[in-house]
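Coordinate analysis (summary)
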Amino acid sequence: MIFFRSLIFNIFLYLGIITCCLIAIPLLILPSSFLRKLSSLLGWYFIFLCKILLNTKVNIIGSEKLKTEHKFFIASAHQSMFETFVYNYVVPNNFFVLKKELMSIPVFGWCLKKLNCIPIERGKTTKNNLNFSDQIMQNIAKGKTLIIFPQGTRVPYNENVPLKKGARRIYENLNIACLPIKLDTGKVWPKKSFLKYPGEINFIFKDIIEPNLTGEEFLKKLEESFYN
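Notes on the structure follow. (Residues numbered from 1 in each chain as written. Predicted model: local features only at pLDDT ≥ 70, side-chain atom pairs only at ≥ 80, totals over all residues. Heavy atoms only, no water.)

The subject of this paragraph is the overall build of the chain. Within the chain, the regular secondary structure consists of seven helices and seven strands. When the helices and strands of the chain are placed in sequence order, the string is α-α-β-β-α-β-α-β-α-β-α-β-β-α. Taken against the 2.2 N^0.38 rule, which gives 17 Å for 228 residues, the C-alpha radius of gyration of the chain at 17 Å falls within 12% of a compact globule. Along the longest, intermediate and shortest principal axes, the C-alpha atoms of the chain span 50 × 45 × 35 Å. (Helix = DSSP H or I, 4+ residues; strand = E, 2+ residues; numbered from the N terminus. Rg over C-alpha atoms; globule rule 2.2 N^0.38 Å.)

The end-to-end C-alpha distance of helix 1 (residues 2-27), which contains 26 residues, comes to 37 Å, matching closely the 38 Å that a straight helix rising 1.5 Å per residue would cover. Here helix 1 has its buried residues at Ser6, Phe9, Asn10, Leu13, Gly16, Ile17, Cys20, Ala24 and Leu27. Looking at the buried side of helix 1, the elements it contacts are helix 2 (32-53), helix 3 (82-90) and helix 4 (108-114). (Expected span 1.5 Å × (residues − 1). Buried < 20%, exposed > 50% of the residue type's maximum accessible area, 1.4 Å probe, protein only. Contact = heavy atoms within 4.5 Å.)

Each turn of an α-helix holds 3.6 residues, which means side chains three or four residues apart point in the same direction. When helix 6 (residues 165-174) is considered as a whole, its buried residues turn out to be Ala167, Ile170, Tyr171 and Leu174. Projected down its long axis, helix 6 shows its buried positions confined to an angular sector of 95°, all on one face. Positive phi shows up at Asn175, right after helix 6, with a value of about 55°. (Arc of directions from axis to C-beta.)

Moving on, we come to a nonpolar patch on the surface. Together, Phe3, Leu7, Ile11, Phe12, Leu15 and Phe194 line one region of the surface with nonpolar side chains, adding up to about 560 Å² of accessible area. Structurally, Leu7 can be placed in helix 1. (Patch = residues over 30% accessible without salt bridge, like charges linked within 9 Å, V, L, I, M, F, W, Y side chains within 5 Å. Areas by Shrake-Rupley, 256 points an atom, 1.4 Å probe, with all protein chains shown as cover. Salt bridge = Lys/Arg side-chain N within 4 Å of Asp/Glu carboxyl O.)

The subject of this paragraph is the packing of helix 1 against helix 2. For the pair helix 1 and helix 2, the least separation of the axes is 10 Å and the interaxial angle reads 170°. When the axes of helix 1 and helix 2 are compared, the pair comes out roughly antiparallel. Where helix 1 abuts helix 2, its residues Arg5, Ile8, Phe9, Phe12, Leu13, Gly16, Ile17, Cys20, Ile23, Ala24 and Leu27 lie against Phe34, Leu35, Leu38, Leu42, Tyr45, Phe46, Leu49, Cys50 and Leu53. Residues of the contact of helix 1 with helix 2, tallied by class, amount to 18 nonpolar, one polar and one charged. (Axes fitted to C-alpha atoms, helices over the stretch in contact; angles between N-to-C directions. Parallel < 35°, antiparallel > 145°, perpendicular 65-115°, else oblique. Nonpolar A, V, L, I, M, F, W, Y, C, P; charged D, E, K, R; others polar.)

Regular strands have side chains that alternate between both faces of the sheet. Among the six residues of strand 3 (residues 94-99), five are classified as buried, and the element is accordingly described as predominantly covered. Pairing of strand 3 with strand 5 (residues 145-148), which is carried by three bridges, proceeds in the parallel orientation. Directly across from Phe95, in strand 5, lies its bridge partner Leu146. (Pairing = 2+ DSSP bridges.)

Scanning all chains against the criterion turns up five salt bridges. Asp207 is the partner of Lys65 in a salt bridge, and the nearest nitrogen-oxygen pair spans 3.4 Å. Taken together, the residues span a long stretch of sequence, with Lys65 in the loop between strand 1 (56-61) and strand 2 (72-76) and Asp207 in the loop between strand 7 (199-205) and helix 7 (215-227) at a distance of 142 residues. We note a salt bridge from Asp184 to Lys187, for which the minimum N-O separation is 3.2 Å. The class of Asp184 is buried, set by a relative accessible area of 11%.

With respect to the helices, strands and loops of the structure, Arg169 is situated in helix 6. Judged by its relative accessible area of 33%, Arg169 is partly exposed.

Summed over the entire model, instances satisfying the criterion amount to 15 aromatic pairs. Relative to Phe48, the ring of Trp44 has its centre 5.2 Å away and its plane inclined at 20°; by these criteria the two rings are stacked. Placement of the pair is Trp44 and Phe48 together in helix 2, with a separation of four residues, close to one helical turn. Trp44 gets classed as partly exposed once you look at its relative accessible area, which sits at 38%. Phe48 gets classed as partly exposed once you look at its relative accessible area, which sits at 35%. Ring plane angle 15° and centroid distance 4.8 Å describe the contact between Phe46 and Phe85, whose orientation is recorded as stacked. Of this pair, Phe46 sits in helix 2 while Phe85 is found in helix 3, placing the two residues 39 residues apart along the sequence. (Phe/Tyr/Trp six-rings, centres within 6.5 Å; stacked < 30°, edge-to-face > 60°.)

Function cannot be read off these values alone, since they describe shape.
See the structure below:
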C-alpha cells in the first residue's frame, strides 16, 4: 500500500512540477509577481497532494511571527525537497541563497534567477561569494524575505548535525533578526527515498533571535531552536 501510494504521489508531484515549469516559460518575460503566484500555487499543490494521496496533514504553527515590523531573515531546518517548494506558499515574496549548480537547470534555474535567488559556490572564494551579502541586502530592502538552510543539506529526521558557518556569517553581516523554523518533514519524506509515508508534518516558527549577538551565541540559539 505504501509503495502504491508513493508511486501515485510521485507521478502527480512531478507532473505538477513539469506543468508549472512549462507555464513559467512565458511568465519569465513578465513582472516577477506572476511567477511568484505560480510558485505559491505549486507550494500549495505539494500540501494538497500530501493530504489527498498520503493522508498527511501539514501544520503551520506560529506563522503570525512573519508579521513583525522588524527586519529579519529565516533560518530553516532542512529534511526534504518538500519545504523548498512549500515555503513559496507559506512565506510570500521570499528568496533563497542556494548552490550555484541549481541555477544551471533549464527553466527551473531561469525561474530561480527571476525570483532573485542568490547562487553561491560552496567552499570557494569567488567575487559573487564575497558580494552575496550586498545582494541579500538589496533584496531585503525591496521587502523580500531571505530563507537559508544552515544545515547545508537535507538531514534525516531526528539527526542533529552541526550548523554551517555560512549561517553565522549571514547573521553577522546582515545585522538583523533571525526567525528559526523547526520542521519534521523527514518523517513523511525521508532523504533519498522513493517511499512517502502517511502521518503529520509540522512547520514550527520558533522565537525570533535578536540581532547583535556574537556568532557563537547565535549558532547556539539556532541549534537549540532546531533540535530542542
